[in-house]
Amino acid sequence: MIFFNIVQFFKQKTTMQTPKISIITVVYNGMEYIEKTILSVINQDYENKEYIIVDGKSTDSTLEIINKYSSKITKIISEKDFGLYDAMNKGLKNSTGDFVIFINCGDRFFSDTTLKDIFFDTNKNYLDYGVIYGDTSITDSLGNILHSRRHRPPEKLKYRDFLKGMLVCHQSFFARRDLTEPYNLIYKYSADYDWCLNVLKKSENNFNTNQIVSLFLEGGRTAKTIAPGLKERYKIMCKHFGFFKATFWNMVLSVKFLWWRLFHKWF
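The structure displayed is predicted, hence computed values, not measured ones.

### Observations regarding the side chain of Ser190
Working step 1: On the secondary structure map, Ser190 appears in the loop between β8 (173–176) and α6 (191–202).
Working step 2: A distance of 3.0 Å separates the side chain of Ser190 from the backbone oxygen of Gly229, its partner in a polar contact.
Working step 3: When sequence neighbours within four positions are dropped, the list of residues in contact with Ser190 reads Tyr85, Gly229, Glu232, Arg233 and Ile236.

Printed below as a string of structure tokens:
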């Protein structure tokens, strides 16, 4: 009995030191970019992970590309859905890891050692953290790094920091799975903002990796839906922070958005 308890102790300790990471990719008709995303995940030099791909019943060759790597993908779901966040909910529902992160089609981890570089410390209990996060770089369609993201992650992330915008990119946000809940399908453009806030509200301790976690493809869905996304984000801000704080910071963000549009139009 004593020997059995010792074995169980070390098994628990090992699991605690190397948290299981659930990586979820959502895609629909993404044959141009899906392979790079898949390779970014399956080439990670980190064993304790699972990979879930949710395909919205693509009509191009996306599923054929996914199936090429089926032996290295934990679960493949290919069926009709009700949009991006419905598909993300399917991935979340099927995940079993300690932490979950979304690396959607077109996005990638910064390097093949990203997970190992973050979860390398065998003396650290990563499950003490609700959110583990880092920085993001922006890439073009060829995969070339263009620049860092405009928002820099705060050293000590709190949910109130998101009043100033989504300071941590969703692709660089590892959420402890027991703190997550389904994406609210009422929101069509900014449910990820609401989701991250819900996680942060429950998290008492967050960890900044001070590393670039992900590469985010410029000009994707987010860039095409900035205006309606800001309107929706204002509603979410009111929900989480109240009318007055939300209104003030929404005005600040709107001015920044107008400046961004003017800059990109003329320069």
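### Notes on the confidence of the model for the protein
Working step 1: Of all residues in the protein, 87% attain a pLDDT of 70 or more, and the chain-wide mean is 89.
Working step 2: A low-confidence stretch, residues 6–15 (pLDDT under 50), is modelled with zero contacts involving residues beyond four sequence positions or located in other chains.

### Remarks on the nonpolar core
Working step 1: Ranked by internal contacts, the top residues of the largest apolar core, which has 37 residues, are Phe162, Phe173, Tyr193 and Trp195.
Working step 2: Broken down by element, this core gets its largest block of residues, seven residues, from α6.
Working step 3: One finds Ile23, Phe99, Phe119 and Phe174 within the second-largest nonpolar core, a separate group that totals 26 residues.

### Overview of the environment of Asp60
Working step 1: With respect to the helices and strands, Asp60 occurs in the loop between β2 (49–55) and α3 (62–68).
Working step 2: Distance from Asp60 to Met31, taken between C-alpha atoms, is 6.7 Å for residues 29 residues apart in sequence.
Working step 3: Residues contacting Asp60, with those up to four places away along its chain left out, are Asn29, Gly30 and Met31.
Working step 4: Polar contacts involving the side chain of Asp60 include one to the side chain of Thr62, which spans 2.7 Å.

### Quick word on the pattern of salt bridges
Working step 1: Within this structure, the stated rule accounts for eight salt bridges.
Working step 2: When the shortest N-O distance is used, the salt bridge between Asp45 and Lys116 registers 3.2 Å. Of the two residues, Asp45 is situated in the loop between α2 (34–42) and β2 and Lys116 in helix α5 (residues 114–118); the sequence distance between them amounts to 71 residues.
Working step 3: Owing to a relative accessible area of 41%, Asp45 belongs among the partly exposed residues under this scheme.
Working step 4: Here Arg176 and Asp178 are joined by a salt bridge, their closest N and O atoms 2.7 Å apart.
Working step 5: A relative accessible area of 57% means that Asp178 is categorised as exposed.

### Some thoughts on the packing of α6 against helix α8 (residues 226–241)
Working step 1: The contact between α6 and α8 brings their axes to 9 Å, and the two run at 20 degrees. Considering their axes alone, α6 and α8 lie roughly parallel with respect to each other. When you trace α6 past α8, the crossing you get is right-handed. In contact with Ala191, Tyr193, Asp194, Leu197, Asn198 and Lys201 of α6, α8 contributes Glu232, Arg233, Ile236, Met237, Lys239, His240 and Phe241.

Definitions and limits used
- Residues numbered from 1 in each chain as written.
- Predicted model: local features only at pLDDT ≥ 70, side-chain atom pairs only at ≥ 80, totals over all residues.
- Heavy atoms only, no water.
- Helix = DSSP H or I, 4+ residues; strand = E, 2+ residues; numbered from the N terminus.
- Polar contact = N/O pair within 3.5 Å; in protein donor to acceptor, adjacent residues only side chain to side chain.
- Contact = heavy atoms within 4.5 Å.
- pLDDT = per-residue confidence, 0-100.
- Core = buried A, V, L, I, M, F, W, Y, C linked by side-chain atoms within 4.5 Å.
- Buried < 20%, exposed > 50% of the residue type's maximum accessible area, 1.4 Å probe, protein only.
- Salt bridge = Lys/Arg side-chain N within 4 Å of Asp/Glu carboxyl O.
- Axes fitted to C-alpha atoms, helices over the stretch in contact; angles between N-to-C directions.
- Parallel < 35°, antiparallel > 145°, perpendicular 65-115°, else oblique.
- Left-handed = near helix turned anticlockwise from the far one by under 90°.

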